[in-house]
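One-letter residues, chain by chain:
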Amino acid sequence: MKPIFARVTLLILISFIFLNGSAFGQPETSEDRTLSPYFFVKSDDPDLDLLPLKSTSVRANISGVIADVLVTQVYQNEGKRPIEAIYIFPASTRAAVYAMRMTIGERVIIAKIAKREDARREYEDAKQAGKSASLLEQQRPNVFQMNVANIMPSDAIKVELSYTELLVPTDAIYEFVYPTVVGPRYSNQNAGEANPSEHWVENPYFHQGEPPANLLDIAVTLHAGLPIQEVRCSSHKVNVNFEAPDLSNIKLDPSEQHGGNRDFILKYRLAGGHIQTGLLLFQGESENFFLLMLQPPKKVHEAQIPPREYIFVVDVSGSMHGFPLDISKKLLRDLISNLRPTDTFNVVLFAGGSSVMSESSLPATPDHIQQAINIIERQRGGGGTELVPALERALALPKAEGYSRTIIIATDGYVTVEEKVFDLIRNNLGNANVFAFGIGSSVNRHLIEGLARVGMGEPFVIAKPQEASEKAKKFRQLVHSPLLTGMKVDFGGFEVYEVEPPQVPDLFADRPAIVFGKWHGHPQGLIRLHGTSGDQLFKVTLDVSKVKPLSSNSALRYLWARHRIALLSDYNSLGPKDERVKEVTNLGLTYNLLTAYTSFVAVDSRVRNTDGRPVTIKQPLPLPEGVSDLAVGRGQYVQKARAMSPMASLGPSSAADKAELRVAEKSFEGPKAANEERATVHLRLGKIEVTGGITEESARRTIEKHLTALNPCSSLLPVQANGAKRELVFSLLIGPDGKIKKLHVTQSSFNNKRFEACVLEGLKGLAFPAFGGDKGARMVLTFILA
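Small disclaimer: the values here were computed from a predicted structure and weren't measured.

Student: How should I be thinking about the sheet that holds strand E11 (residues 173–178) in this particular structure?
Tutor: Hydrogen bonds between backbone atoms are what pair the strands of a sheet, whose relative direction is either parallel or antiparallel. The strand order E11-E17-E14 describes an open sheet built from three strands, whose pairing is antiparallel. Each having just a single partner strand, E11 and strand E14 (228–233) make up the two edges of the open sheet. This sheet shows a mean twist of 15° between the axes of neighbouring strands, independent of strand direction. Bridge count between E14 and strand E17 (residues 264–270): five bridges; the pairing is antiparallel. Note that in E17 the partner of Val231 across the bridge is Tyr268.

This is the structure we're talking about:
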């Protein structure tokens, strides 16, 4: 190879493989490989079946407020070599998975629950011994992994799992959701250092627009208990058949058999806007469980609404600098500007410490509103992140008699959070309502959703500036007229224990108040719930002795345990503790539930594979509908790098080539200190100039939709200590079909070729709305990183 040609080839190649870290497409070592999704590449080997999952069948039986769901996955080996199939799939965070079984021919093996490490060990031993086996593990509260080992040629192995969940209506609308696909997750964890439980993110995906490989079939039987007014499915085409006023069968239309790239969403409403309320009892051999659902009063008139106090707790730490803080400002301007004159409010800012706007909440007058907006506008972001002192300060503010207090936390979630945060919220459910807004393109959703769960509220996530107004409007509608405040529950002579929640928060929507727990003795006594509805007292009394415990309510034991597990897991997300891990493990083993620390395992007693280990196949997943190839990120760049040179299958052939490669890499990296810190900030879209058939609005919408896929590029940049704004400008030529014909960098203040190449390669996959005609459009894009 000529030296000049070699340099050019190497420089071009390196510009595309920077994220992979391996030259010429050689397999990465565990020392330099990160966990990331990649694109599925079909093998030419006819002996190997790369698509073992053939179908998923869902049978949901909804009785009253409880859904019992049977999911059947069929794995078939149409190749000539034994395989192990690995399939990543989603689930509802409310799902309590309580059973699994495996069927091979006429043999049925009932799975047992075991500690995670024990189940994995038993599965691996069975695989090595040549036995067929299946293993179900929880990787995230809403992400499961199924392993099926030793699927022999011509085998069809059926794995069934059962789960139950509680359906709680909002504004008298019930919703049953069956998630179908796990979207690609980017991880910058080093593969060699990552825990094995994190390796699930390294999964193959089909390209944008390619249908799922496995067939989907869903059938729902709805026993509502009351006449059904309406049934609709917004996600898929379904066929609805009514057998009786309160009984309906809903089936996925055959045309939707490849509809596994989006969640199945079924909504229904009962006649007259009624919701299922009352008391459910289950009497077990050693424990008894109850579920109390009470319908709140109808919406009250504006004049009856009690005065409200809002305390905004705002994260102004270093991680909020720039884009996230800009969104927070927009959100708070919207919320504060729409307060009623009778409302009061306050602002608490927190970073390393905290500061408060006023020692007592102020009336929502124009002057006070402007004062708060000015305080927020002056924030630039910096310092540490201590939420506990800020929340303590907010709760300690003097509260006026008769006011309904609501605390709104706005943060990206990357804060120093102690268990005390959750304790503060749980122990003050009767004194303050807490809502969490996750701000930014990479929100710590575990924390935001955890805050919502312990506060019995709803999480709000705002990833883009244009979403702020919509989410603020949704929040205002939710809290505008509290239907029931200051609620207390008195169980009278009904002997209850381990009740959740410990206090009942205010109700802000037309949904039932839910209380559940355990009871002993006889079902007797009077349950009284009382509170304030507008300016009226509200009271409901229920005679327990008139309610009969039913064996059909056995799901209550799973639902109670699942709620307890979710609560403990939220605390563990702040920092695992041995006693909590032990309690979650014991709950999983006692109630036969899948958890982060317990798994289901089924092993066939027969040795079926006598010729060696099976080939492991990761079932490729479809990209969720509306998600582009850019979401896979690293895999896309690496594949292009491997395909672009005839040297792709070779390593550097000589010491001279290796030395030249190091020089080329160095020229792209620029100077780098030995301990250089890498940036953790993100790109945001600045100015757009468009001439031609595309509007600026549609262009911005298209680019911002895929902006998060470019976030990994910022890790290539060193942190800039002075915080100066840096810009990267691209020029694009777009064809009438919306595809990019030409793309190049016209201006950059980064002086980092690897970073520029990363962003450029990421932009290549963009597809703008087609605008027709015979002339293209020109566009100038400016990206900003502050």
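Student: Help me understand the side chain of Glu309, please; the structure alone is not making it clear to me.
Tutor: With respect to the secondary-structure elements, Glu309 resides in strand E20 (residues 308–315). With a relative accessible area of 2%, Glu309 lands in the buried category. Polar side-chain contacts of Glu309 include one of 2.7 Å to the side chain of Arg405. Residue contacts for Glu309: discarding those within four places in its chain leaves Thr344, Ser361, Pro398, Lys399, Tyr403, Ser404, Arg405 and Thr406.

Student: What is the right way to look at the pairing of strand E15 (residues 238–244) in this model?
Tutor: Every regular strand shows the same layout, with side chains that alternate between the two sheet faces. Bridge analysis of E15 against strand E16 (residues 247–252) gives six bridges, and the strand direction is antiparallel. The residue bridging Asn239 from the neighbouring strand is Lys251, located in E16. Here E15 hands over to E16 after two residues, the two strands then running antiparallel side by side.

Student: Honestly, the pattern of salt bridges in this entry has me stumped. Any pointers?
Tutor: Side chains that differ in charge, positive against negative, can pair when their charged atoms come close. This structure, assessed with the given rule, holds 36 salt bridges. The salt bridge partner of Glu122 is Lys112, with a shortest N-O separation of 3.2 Å. Of this pair, Glu122 sits in helix H2 (residues 116–128) while Lys112 sits in strand E7 (residues 112–115); the two residues are ten residues apart in sequence, bridging distant segments of the chain. For the salt bridge of Glu377 with Arg333, the shortest nitrogen-to-oxygen distance reads 2.2 Å.

Student: Please explain the environment of Leu281 as it appears in this structure.
Tutor: By secondary structure assignment, the location of Leu281 is in strand E18 (residues 278–283). Residue class for Leu281 comes out buried when judged on its relative accessible area of 0%. Residues Leu281 and Asn553, 272 residues apart in the sequence, show an inter-C-alpha distance of 6.7 Å. When near neighbours in sequence (up to four residues on either side) are disregarded, Leu281 contacts Phe289, Phe290, Phe494, Trp519, Pro523, Val544, Val547, Pro549, Leu550, Asn553 and Leu556.

Student: Can you help me understand the packing of helix H3 (residues 323–337) against helix H4 (residues 366–377) in this one?
Tutor: Geometrically, a packed helix pair is captured by the angle between its two axes and the distance between the axes. Where H3 contacts H4, the axes come no closer than 10 Å and their chain directions differ by 175°. Judged by the angle between their axes, H3 and H4 are roughly antiparallel. Seen from H3, the contacting residues are Lys329, Leu332, Arg333, Ile336 and Ser337; seen from H4, they are Ile369, Ala372, Ile373, Ile376 and Glu377. Classifying every residue of the contact of H3 with H4 by side-chain character gives six nonpolar, one polar and three charged.

Student: I would appreciate a short explanation of the sheet that holds strand E31 (residues 536–543) in the present structure.
Tutor: One open sheet accounts for three strands, arranged E27-E30-E31; its pairing is antiparallel. Of all the strands in the sheet, just strand E27 (485–490) and E31 have a single pairing partner and so form its edges. Strand after strand, the sheet turns through a mean of 10° between neighbouring axes, direction not considered. Direction of pairing for strand E30 (residues 526–533) relative to E31: antiparallel, over a ladder of eight bridges. Bridging from a neighbouring strand, Arg528 pairs with Thr541 of E31.

Analysis parameters
- Residues numbered from 1 in each chain as written.
- Predicted model: local features only at pLDDT ≥ 70, side-chain atom pairs only at ≥ 80, totals over all residues.
- Heavy atoms only, no water.
- Pairing = 2+ DSSP bridges.
- Helix = DSSP H or I, 4+ residues; strand = E, 2+ residues; numbered from the N terminus.
- Axes fitted to C-alpha atoms, helices over the stretch in contact; angles between N-to-C directions.
- Buried < 20%, exposed > 50% of the residue type's maximum accessible area, 1.4 Å probe, protein only.
- Polar contact = N/O pair within 3.5 Å; in protein donor to acceptor, adjacent residues only side chain to side chain.
- Contact = heavy atoms within 4.5 Å.
- Salt bridge = Lys/Arg side-chain N within 4 Å of Asp/Glu carboxyl O.
- Parallel < 35°, antiparallel > 145°, perpendicular 65-115°, else oblique.
- Nonpolar A, V, L, I, M, F, W, Y, C, P; charged D, E, K, R; others polar.

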